[in-house]
Amino acid sequence: PTLRGSNAPSKVPSVQEEPTSTPSNNPSVAPSIKPSGVTSPGIVVYDDIVSSDWNDFSYSGTYTPFSTETVASGVNSYKAVSSGWGAIYWKHKNDGISVSSLGVSSLSFWIKSSGAFPIRVKIEGKRHDITTTSSWQHHVISLQEFSNPSTIEKLQFQNGSGNQRTFFVDQVQFI
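Residues numbered from 1 in each chain as written. Predicted model: local features only at pLDDT ≥ 70, side-chain atom pairs only at ≥ 80, totals over all residues. Heavy atoms only, no water.

(A) Examining the overall build of the protein more closely. Of regular secondary structure, the protein possesses one helix and 13 strands. Reading the protein from its N end, one meets helices and strands in the order β-β-β-β-β-β-α-β-β-β-β-β-β-β. Evaluated residue by residue, the protein yields a buried proportion of 48% over its 175 residues. Look at the contacts in the protein between residues 6 or more apart in sequence, and 76% of them connect residues 24 or more apart. With the model as given, the accessible surface of the protein reaches about 7900 Å², and the carbon-plus-sulfur share is 46%. (Helix = DSSP H or I, 4+ residues; strand = E, 2+ residues; numbered from the N terminus. Buried < 20%, exposed > 50% of the residue type's maximum accessible area, 1.4 Å probe, protein only. Contact = heavy atoms within 4.5 Å. Areas by Shrake-Rupley, 256 points an atom, 1.4 Å probe, with all protein chains shown as cover.)

Pasting the structure below:
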């Protein structure tokens with residue numbers, strides 16, 4: 001797994017609105033913002049690219065893992081134009097990540113969409129619903145919301161609207 005930093009914050013807001021400066025969509029220019037509240041140890045799933053430890057099995061839609069259309073941080077975000085109930089679906093290449101041995105307790109990510117609609121965030125089949133907006137939002141969801149899995153092998157961001165929708169995720173990691 002890809003590890004980051006040294007210590008996770010003890011309290012992180014569950015939702016943070018869009019960063020104050022606008023990131024650059026030009027890959028040759030590094031953006032000036034970084035998502036706040038994202039320190040680790042962390043298991044990176046997506047950070048400008050899907051981590052080599054994860055396979056991409058996204059379904060029912062068109063998916064662009066290197067979108068420069070809009071980003072929360074870095075040069076890319078993962079774009080989903082999903083059919084009704086389509087999802088970004090990442091599966092760990094091995095037997096998953098051990099939550100306790102790696103000291104992670106939450107899922108952290110940024111998300112933005114073409115408008116407000118439900119997204120089903122799923123870990124090991126357990127679901128936590130959020131509503132997207134047209135601004136980047138930072139979410140930190142405790143693994144307790146997913147029944148405290150001891151191992152994480154599957155992560156999904158599923159369009160919960162039943163209609164075709166566009167959304168972006170960025171800086172996805174377990175912290």
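Now that the structure has been shown, the text picks up again.
(B) Region of the structure containing the nonpolar core. Of all hydrophobic cores here, the largest spans 31 residues; its most connected members are W90, V121, L155, F157, V172 and F174. Every element with two or more residues in this core is listed here: β2 (43-46), β5 (77-92), β7 (106-113), β8 (118-123), β12 (154-159) and β13 (165-174). (Core = buried A, V, L, I, M, F, W, Y, C linked by side-chain atoms within 4.5 Å.)

(C) Structural context of the pattern of salt bridges. Per the stated rule, a full pass over the model turns up three salt bridges. Of the charged contacts, one joins E153 and K91 as a salt bridge, the two residues approaching to 2.8 Å between their closest N and O atoms. Taken together, the residues span a long stretch of sequence, with E153 in the loop between β11 (151-152) and β12 and K91 in strand β5 at a distance of 62 residues. For R127, the salt bridge identified is with D129, shortest N-O distance 2.9 Å. (Salt bridge = Lys/Arg side-chain N within 4 Å of Asp/Glu carboxyl O.)

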